[in-house]
Amino acid sequence: MNHELPRAAAAPVPVLRLGDVLLITLQGDLHDGTAEQLQRDIAESIVRSRVTGVVIDISGVEIIDSYLGRVLAEIAAGSRLLAARTVVAGMRPAVAITLVELGLTLPGLRTALSTEAALELLAEPADRPHREPR
Amino acid sequence: MSGTAAGVDARLPIRSDLDLVWVRQHVRQAAAAVGFGLVEQTKLVTAASELARNTLVYGGGGEVTTERVSDGRAAHGLRLTFTDRGPGIPDLEKALSDGYTSGDGLGLGLGGARRLVHEFAIDSTPGSGTTVTVTSWATRPPRPREELR
Amino acid sequence: MPEHHTTARNTENPVPTQEVGAFLGRRREQLAQRWADEPLFRAVFTVSRDEAVEAGRAVADALAQVAGSGRVEDTDSPGFTPVREQLTRMAASRGRAGLTAAQISREVDALRRPAVDLLVADLPQASSEHVRECATTLTALMGTLRLVVMETSLTEGQALIDRQQVQLLEVATPVIRLWDGIVGVPLIGTLDSARSQVVMETLLESVVDQQARFAILDITGVPTVDSLVAQHLMKTVAAVRLMGAECVVSGIRPAIAQTIVHLGLDLPVVTRSSLADALAYALHRLGADIVSVTPGGAGTR
């Protein structure tokens, strides 16, 4: 068995800035170290560029275990302390089913169907009053 | 998808967090080869990731073996055996309950992995190590899992 | 005494299984002709008599093979392999015609009499003891055939049940697009762990396909909601939320609401008493309100 790690798994994840939102696209299988590095990079970027939102596109992620789940929850909690809102977008059905079965429902995490939906969500006023019908 | 062992049966070391990536990739390919659907593949790979991390973090490293199993009739499955020579788990009952952790993490490792597979067995001797064996079956309709609270 | 008999048989007559095997090969054509007139073959092969005779030949060949191998009481004898599928089809055909397992078994048994008669007529010179032994062997062989038919038709029945179970699971979970961005699934019947797995998978797939912001789970047709069912529902609600959509559970009766409360689940789930109310809620959240256009009846629902 070949023990050279593919480049993609070890390379840092790029953090893009789009107006006042940071856009991060996760792909494939994330190595633990890469995930931790990303957590630090996002916090630094928020402070440096004063963005108000973070969108993490996970439509290319095939598995989320409790470690990566915890990293995502911590990114959201950390961003909140820096006055930025985090939305995790595009989770695959198989990943969602597995997370729930694992017991990880991530209640503090905001989610959206796609990156576009996430950007729309962030464009809304921070604490939009929830209108109940009738 | 090149670079990993082509067969289903394999023995992989778990010595560093880089190895976790290999374990996940191999289990994914093996599960697909045995005929698992996408959801069942994802569940087994996630369980493997949790258990391999346990082996690494609490067992001080070890190995995993993967093997194709058959129930003698139509069903085919995949069995994963995680072995370490670490300190062992003194209270298994407690270790399997949610929220229990002896290191950093959400404490979902063992209990969570158990909910993702069809069969789960753990054997631990304090002072000499832990062996966790899990088996899942490629079935349609889905085979009912052990109902856990 | 037994030694005397063995010696006598070896010198005067062949072993009964060999004798029966040779008989079945020799009388293959006559057997096939006689069996073709029995109810089992007549009722199954309705197109032509030749078809029935051909099927009878195949059965005679298989029996000759089994007798020749000496394993006349073994239902797993390899000799049966070539006719297993044919026998299954024959039994299934009689089953569809409304016959019970016992009646089918009796029809298979009816093939024994003509065969034994033919065998006895074939051995006029043999000692009565040898004839009796051969007849017993043939009877045992025909009994094994009967078991093989029953066994294959039971296996076939189980396979049919398995196939239908899969179909039922899929048919019973139709995910419907209710509006742009709203999907719904009316759940009918008991929600066990295998079923809820299928519901969850199909619902989440359609949330992605339709880019649906709302998924309505209507449980009006679910007779009882115990803690396990509530747990399955909550898992679905949680998975839909993780994907970025919102779940609405409709058709909740007061007793069911109590179960969910007792479980102490803190998942925020919007509930409505009827599917119509759930749809109105989802539409409202998407920015569309339902108003009545009848004169004097304007207002939101």
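Residues numbered from 1 in each chain as written. Chains lettered and ligands numbered in written order. Predicted model: local features only at pLDDT ≥ 70, side-chain atom pairs only at ≥ 80, totals over all residues. Heavy atoms only, no water.

Whenever I open this one, the overall build of chain A confuses me. Can you help?
Secondary structure assignment for chain A yields five helices and five strands. Sequence-ordered secondary structure for chain A, helices as α and strands as β, is α-β-β-α-β-α-β-α-β-α. The buried share among the 134 residues of chain A stands at 51%. Summarising the internal contacts of chain A: among those between residues at least 6 apart in sequence, 74% fall at separations of at least 24. A total accessible area of about 6,400 Å² is found for chain A, and carbon and sulfur atoms account for 53% of it. (Helix = DSSP H or I, 4+ residues; strand = E, 2+ residues; numbered from the N terminus. Buried < 20%, exposed > 50% of the residue type's maximum accessible area, 1.4 Å probe, protein only. Contact = heavy atoms within 4.5 Å. Areas by Shrake-Rupley, 256 points an atom, 1.4 Å probe, with all protein chains shown as cover.)

For this particular structure, what's the right way to read the overall build of chain C?
When helices and strands are tallied, chain C shows 13 helices and five strands. The buried share of chain C, taken over its 301 residues, is 46%. A separation threshold of at least 6 residues defines the contact pool for chain C, and within that pool the share at least 24 residues apart is 68%.

I'm lost on the pairing of strand 4 (residues 119-125) of chain B in this one. Help?
Regular strands place side chains that alternate from one sheet face to the opposite one. Residues and elements named next belong to chain B. On strand 4, burial follows the alternation: Phe120, Ile122 and Ser124 on one face are buried, whereas Glu119, Ala121, Asp123 and Thr125 on the facing-out side are not. Strand direction decides the pairing type here: strand 4 and strand 5 (residues 129-138), joined by seven bridges, are antiparallel. Across the sheet, alanine 121 pairs through a bridge with threonine 133, a residue of strand 5. Where strand 4 folds back onto strand 5 in an antiparallel hairpin, the turn is made up of three residues, including glycine 127, whose phi is positive at roughly 95°. (Pairing = 2+ DSSP bridges.)

Explain the environment of Ala91(C) here, please?
Residues and elements named next belong to chain C. Along the chain, alanine 91 turns up in helix 6 (residues 81-96). Here the alpha-carbon distance between alanine 91 and methionine 150, two residues 59 residues apart in the chain, equals 7.9 Å. Residues within four places of alanine 91 in sequence aside, it is in contact with Ile104, Val149 and Ser153.

Please explain the sheet that holds strand 5 of chain B as it appears in this structure.
Pairing between the strands of a sheet is mediated by backbone hydrogen bonds and can be parallel or antiparallel. Residues and elements named next belong to chain B. Here we have five strands laid out as an open sheet, ordered 1-2-3-5-4, and antiparallel in their pairing. Each edge of the open sheet is held by one strand with a lone partner, namely strand 1 (10-14) and strand 4. Neighbour-to-neighbour, the strand axes of this sheet turn through a mean angle of 15°, independent of strand direction. Note: strand 3 (residues 76-84) against strand 5, nine bridges, orientation antiparallel. What sits directly across from leucine 78, in strand 5, is serine 136. In this fold helix 1 (residues 17-34) packs onto strand 1, strand 2 (62-70), strand 3 and strand 5, with an angle of close to 160° to the strand it touches most, strand 1. Across the sheet, helix 2 (residues 38-57) touches strand 1, strand 2, strand 3, strand 4 and strand 5, and the angle it forms with strand 3 is around 10°. (Axes fitted to C-alpha atoms, helices over the stretch in contact; angles between N-to-C directions.)

When you look at the packing of helix 3 (residues 28-36) of chain C against helix 5 (residues 49-69) of chain C in this model, what are you seeing that I'm missing?
All names here are of chain C. Their axes nearest at 8 Å, the elements helix 3 and helix 5 cross at an angle of 130°. In terms of orientation, helix 3 and helix 5 fall into the oblique class. Considering how the two elements wind past one another, helix 3 and helix 5 form a crossing that is right-handed. Residues Arg28, Glu29, Ala32, Gln33, Trp35 and Ala36 of helix 3 lie in contact with helix 5, whose contacting residues are Arg49, Ala52, Val53, Gly56, Arg57, Val59, Ala60, Asp61 and Leu63. Residue composition of the contact of helix 3 with helix 5, by class: eight nonpolar, two polar and five charged. (Parallel < 35°, antiparallel > 145°, perpendicular 65-115°, else oblique. Left-handed = near helix turned anticlockwise from the far one by under 90°. Nonpolar A, V, L, I, M, F, W, Y, C, P; charged D, E, K, R; others polar.)

Just checking my understanding: could you explain the confidence of the model for chain C for this structure?
For residues with low pLDDT, the predicted coordinates do not support detailed interpretation. Residues and elements named next belong to chain C. In this model, chain C carries an average pLDDT of 84, and 91% of its residues clear a pLDDT of 70 or more. Within chain C, the lowest mean pLDDT, 48, falls on helix 1 (residues 2-12), and the highest, 94, falls on helix 13 (residues 275-285). For residues 1-10, every residue scores under 50 in pLDDT, and the model assigns this stretch six contacts once sequence neighbours within four places are set aside. With a pTM of 0.70, the predicted complex shows an ipTM of 0.87. (pLDDT = per-residue confidence, 0-100.)

What should I look at first to understand the pattern of salt bridges in this one?
If the charged atoms of two oppositely charged side chains come close together, the side chains can form a pair. For the coordinates displayed, the defined rule picks out 22 salt bridges over all chains. For Asp32(A), the salt bridge identified is with Arg53(B), shortest N-O distance 2.6 Å. Taken together, the positions of Asp32(A) in helix 2 (residues 32-49) and Arg53(B) in helix 2 put the pair across two chains. Taken individually, Asp32(A) and Arg53(B) each receive the classification buried, so the pair is uniform in this respect. One salt bridge in this structure joins Lys43(B) and Glu101(A), with 3.9 Å as the shortest N-O distance. Pair noted here: Lys43(B) is in helix 2 and Glu101(A) is in helix 4 (residues 93-102), and the two residues belong to different chains. A relative accessible area of 0% places Lys43(B) in the buried class. (Salt bridge = Lys/Arg side-chain N within 4 Å of Asp/Glu carboxyl O.)

What exactly am I supposed to notice about the side chain of Thr137(C) here?
All names here are of chain C. Within the secondary structure, threonine 137 is located in helix 9 (residues 128-171). Of the residues examined, threonine 137 reaches a relative accessible area of 12% and is grouped as buried. Contact partners of threonine 137, with chain neighbours within four places excluded, come to Pro16, Thr17, Val20 and Val72.

Is there a simple way to think about the packing of aromatic side chains in this case?
One pair of aromatic rings is described through two measures. These are the centre distance and the angle between the planes. Residue and element names in this part refer to chain C. Within this structure, the stated rule accounts for two aromatic pairs over all chains. Here the aromatic rings of phenylalanine 41 and phenylalanine 45 are separated by 6.1 Å at their centres, their planes lie at 25°, and the arrangement is stacked. The same class applies to phenylalanine 41 as to phenylalanine 45, namely buried. (Phe/Tyr/Trp six-rings, centres within 6.5 Å; stacked < 30°, edge-to-face > 60°.)

Could you clarify how one ought to interpret helix 3 (residues 66-81) of chain A in this entry?
Residues spaced three or four apart along an α-helix point in a common direction, a consequence of the helix completing one turn every 3.6 residues. Taking 1.5 Å per residue, 16 residues should reach 22 Å; helix 3 of chain A reaches 22 Å between its end C-alpha atoms and fits that length. Buried residues of helix 3 of chain A: Ser66(A), Tyr67(A), Leu68(A), Gly69(A), Arg70(A), Val71(A), Leu72(A), Ile75(A), Ala76(A) and Ser79(A), and no others. In the core, the buried residues of helix 3 of chain A are packed alongside helix 2, strand 3 (53-60), strand 4 (85-89) and helix 4 of chain A together with helix 2 of chain B. In the segment just after helix 3 of chain A, Ala83(A) is the residue with positive phi, at about 65°. (Expected span 1.5 Å × (residues − 1).)

What should I look at first to understand the side chain of Thr66(B) in this one?
Residue and element names in this part refer to chain B. Of note, threonine 66 is situated in strand 2. On the accessibility criterion, threonine 66 (4% relative accessible area) is buried. A distance of 2.7 Å separates a polar atom in the side chain of threonine 66 from the backbone oxygen of valine 8. (Polar contact = N/O pair within 3.5 Å; in protein donor to acceptor, adjacent residues only side chain to side chain.)

Explanation requested: unusual backbone geometry in the structure shown.
With the exception of glycine, the majority of residues adopt a negative phi angle, and the majority of peptide bonds are in the trans configuration. You will see that Arg50(A), though not glycine, has its phi angle at about 50°, which is positive. Mapping Arg50(A) onto the fold places it in the loop between helix 2 and strand 3. We note that Gln211(C) has phi near 45°; this positive angle belongs to a residue other than glycine. Among the structural elements, Gln211(C) can be located in the loop between helix 10 (193-210) and strand 3 (214-221). Residue classification places Gln211(C) among the partly exposed residues on the basis of a relative accessible area of 40%.

Quick question: what am I supposed to make of a nonpolar patch on the surface here?
Residues and elements named next belong to chain A. On the surface, Val47, Leu81 and Leu82 cluster together into a nonpolar patch covering about 310 Å² of accessible area. Along the chain, leucine 81 falls in helix 3. Its relative accessible area of 77% is what places leucine 81 among the exposed residues. (Patch = residues over 30% accessible without salt bridge, like charges linked within 9 Å, V, L, I, M, F, W, Y side chains within 5 Å.)

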